[in-house]
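Take a look at the letters that make up each chain.
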Amino acid sequence: MKLYNSLTKQIEDFKPLKEGEVSIYSCGPTVYSDMHVGNLRAYAEWDILHRSLLYLGYDVNRVMNFTDVGHMSDDDDFGEDKLEESASKQGIDPFEIANKYIRSVLSDFYKLNYLSPSGELLDPEIDLEELKKHNWVRATDYIDEMIDFIKKLEANGYTYETEQAVYFDVMKYEDYGKLCGQDLREKEVGVRDEGEVDEEKRNPADFVLWMKKVGKYKNHIMSWNSPWGEGFPGWHIECSAMSSNLLGEKFDIHTGGVDLIPVHHSNERAQNCGVYGHDSVRYWLHNEFIRTPKDEKLSKSRGNALTLEDIIDGGIEPMDLRFHYISVNYRTPLQFNWEVLEKSRRDRISLLNRIRDLDVEDYSSGELLEDYVEKFKDCLRDNLNISSALALISDLLKSDEKCEDIVKTILDFDRVLGLRIYESLQEDVSEEVKKLLEERKKAREEKDFEQSDTLRDEIAKHGFKVMDTPEGQKLEKI
Ligand code: AMP
Ligand code: ZN
């Protein structure tokens, strides 16, 4: 299998540490608001990675976190804690905010058919205490491990302490710029909020490991005891502490969006190298962003940070959105507006209609077409080339293979695509529609065209257009 590694900036042969087993850490959502279409894209890409590895026969050991403390607005050391800010706006406790938006993430994952890190489709109503069993982990459950991690960095000479915080000293780590390919001296201290900046901070690129409950943060609600006084962890330490505790000091893949490369992941890498003396992550994988027509950042204030609920309200089904996300490779920027979504909706419906046109009665009756399965696997091994996988499906639909075998094979591919093809084929033509079709067939045989037209209109109300073809009535989703 080949994957693009952001650290070496090239496509590489993927060889897991342990043969047949892949360990993955996925940077998870910050649970202070509903996810927007950008966040949802990130998790679609890593769901495809997860499903592809399973399809290719690997055991997957994947962990994903919920960031419920320490992630500051604008990814700035001295911004507002996103959880606390949201809590004060909504007048509820930050822990309740986290619970509320963890539920929202679980619900979106379910609707979009994203696997939990443990590889199942989780009931979004699950008891939140059970999440850890499914490899969903909360940052606030790992405060002790974070403190231990900082202590090790301290012992290895990578930190310094001020009145306000404990920092990682980037000057002690020469390789800091490798992941982002950026000169760290380019960063300017306190450009955003000079008044709040810690005067004792030595280098603008130094970052907080532990923020003390003093100064700007004296009223911070979430805080814990530590060797450096009461306070809360920096954002980056959570992923280092959780990934190494759960997956070991070396693991295979780390995923996240490209926005995380210059700060969050560069810092995480520095922390791990500071403790272990070597990289922990073997392959860094990053998804490109959702782009709006004017190339604006997605944000609530611009009104373009749509949530899944907004998308559904706009008449687009979760599987249409999923189809839109997976139709390109994770490294391709993806256009986002209602027109392109509408096109993806039509493309997905057309795929379903082409399968329906094969007129297979029993979807499980055929045989797997091994040649096509091999070609499909080749697409996955080619840096998750789903667009060629979709082209392969199109070829398969045009092929002379037996219809039953074609359907059986496409349903097998859907273990990776996750488009719920089987359910869509089942659900769409309900018993009621089947009955109406039967009645219409009879009406046409009796040349009662008025009744046949009435029935056609009735079927249209269920979302289908009936076409009369030489092989009989055919349905097309409207
Ligand atoms: P956050 O909740 O801000 O921690 O982000 C969750 C994930 O969404 C991270 O992996 C981000 O890199 C990713 N992400 C944020 N915005 C976008 C976007 N516009 N397109 C794709 N991925 C994004
Ligand atoms: Zn992270």
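Residues numbered from 1 in each chain as written. Chains lettered and ligands numbered in written order. Predicted model: local features only at pLDDT ≥ 70, side-chain atom pairs only at ≥ 80, totals over all residues. Heavy atoms only, no water.

A. Fine view of the coordination of the zinc ion (ligand 2). Distances from the zinc ion (ligand 2) to its protein donors, Cys 27 (SG), Cys 239 (SG) and His 264 (NE2), fall within 2.1 to 2.2 Å. Site description for the zinc ion (ligand 2): donor spacing in sequence, C-x211-C-x24-H. Placement of Cys 239 in helix H5 (residues 235-247) and of His 264 in helix H6 (residues 261-276) is noted, with a sequence separation of 25 residues between them. For Cys 239, a relative accessible area of 1% translates into the label buried. (Donors = N, O, S within 2.8 Å, 3.2 Å for Na, K, Ca; no water. Helix = DSSP H or I, 4+ residues; strand = E, 2+ residues; numbered from the N terminus. Buried < 20%, exposed > 50% of the residue type's maximum accessible area, 1.4 Å probe, protein only.)

B. Focus on H5. The end-to-end C-alpha distance of H5, which contains 13 residues, comes to 19 Å, matching closely the 18 Å that a straight helix rising 1.5 Å per residue would cover. With 11 of 13 residues buried, H5 lies mostly within the body of the structure. (Expected span 1.5 Å × (residues − 1).)

C. Focus on helix H2 (residues 82-90). Along H2, the residues classified as buried are Lys 82, Leu 83, Glu 84, Ser 86 and Ala 87. Residues of H2 that are buried make contact with helix H3 (94-111). Its side-chain oxygen 2.9 Å from the backbone nitrogen of Leu 83, Asp 81 forms the N-cap of H2. Looking one or two residues beyond H2, the residue adopting positive phi is Gly 91, at roughly 65°. (Contact = heavy atoms within 4.5 Å. Polar contact = N/O pair within 3.5 Å; in protein donor to acceptor, adjacent residues only side chain to side chain.)

D. Representation of the sheet that holds strand S5 (residues 136-138) in the model. As summarised here, the arrangement of the 5 strands in space is S5-S4-S3-S10-S11, forming an open sheet in which the pairing is parallel. The sheet is open, and its two edges are formed by S5 and strand S11 (281-287), each paired on a single side. Between one strand and the next, the sheet's axes are offset by a mean angle of 25°, whatever the strand orientation. When strand S3 (residues 21-26) meets strand S4 (residues 59-66), the two strands line up parallel, connected through 6 bridges. By the bridge assignment, Ile 24 is partnered in S4 with Arg 62. (Pairing = 2+ DSSP bridges. Axes fitted to C-alpha atoms, helices over the stretch in contact; angles between N-to-C directions.)

E. Local environment of the layout of surface pockets. Roughly 870 Å³ of internal volume is contained in the second largest pocket. Lining the second largest pocket are 25 residues; nearest its centre among them are Asp 359, Glu 361, Val 429, Lys 434 and Leu 437. Contributing elements (two or more residues each) for the lining of the second largest pocket: helix H9 (338-356), helix H13 (421-428), helix H14 (431-445) and strand S15 (472-477). Residue contributions to the lining of the second largest pocket peak at 6 residues, all from H14. Residue-level mapping places the lining of the second largest pocket at the junction of two domains, with at least three residues from each of domain 2 (308-427) and domain 3 (431-477). (1 Å grid on protein atoms, 1.4 Å probe; cavity = no way out; pocket = protein on both sides within 12 Å on 5 of 7 lines; lining within 4 Å. Points joined across faces, edges and corners; volume = space filled by probe spheres on them. Domains from an automatic or database assignment.)

F. Seen up close, the packing of helix H1 (residues 37-55) against helix H8 (residues 318-326). Across the interface, H1 lies against H8 with an axial gap of 9 Å and an inter-helix angle of 70°. As summarised for this structure, H1 and H8 are arranged roughly perpendicular, according to the angle between their axes. Residues Val 37, Leu 40, Arg 41, Ala 44, Glu 45, Asp 47, Ile 48 and Arg 51 of H1 form the contact with H8, whose own contacting residues are Leu 321, Arg 322, Tyr 325 and Ile 326. Looking at the contact of H1 with H8 residue by residue, the classes come out as 7 nonpolar, no polar and 5 charged. (Parallel < 35°, antiparallel > 145°, perpendicular 65-115°, else oblique. Nonpolar A, V, L, I, M, F, W, Y, C, P; charged D, E, K, R; others polar.)

G. Structural detail: empty space enclosed by the protein. Taken as a whole, this structure holds 2 cavities of 30 Å³ or more when the rule is applied. Considered as a void within the structure, the largest cavity measures approximately 40 Å³ in volume. With 3 residues, H3 is the single largest residue contributor to the lining of the largest cavity. Class assignment for the residues of the lining of the largest cavity results in 8 nonpolar, 1 polar and no charged. The computed volume of the second largest cavity comes to approximately 40 Å³.

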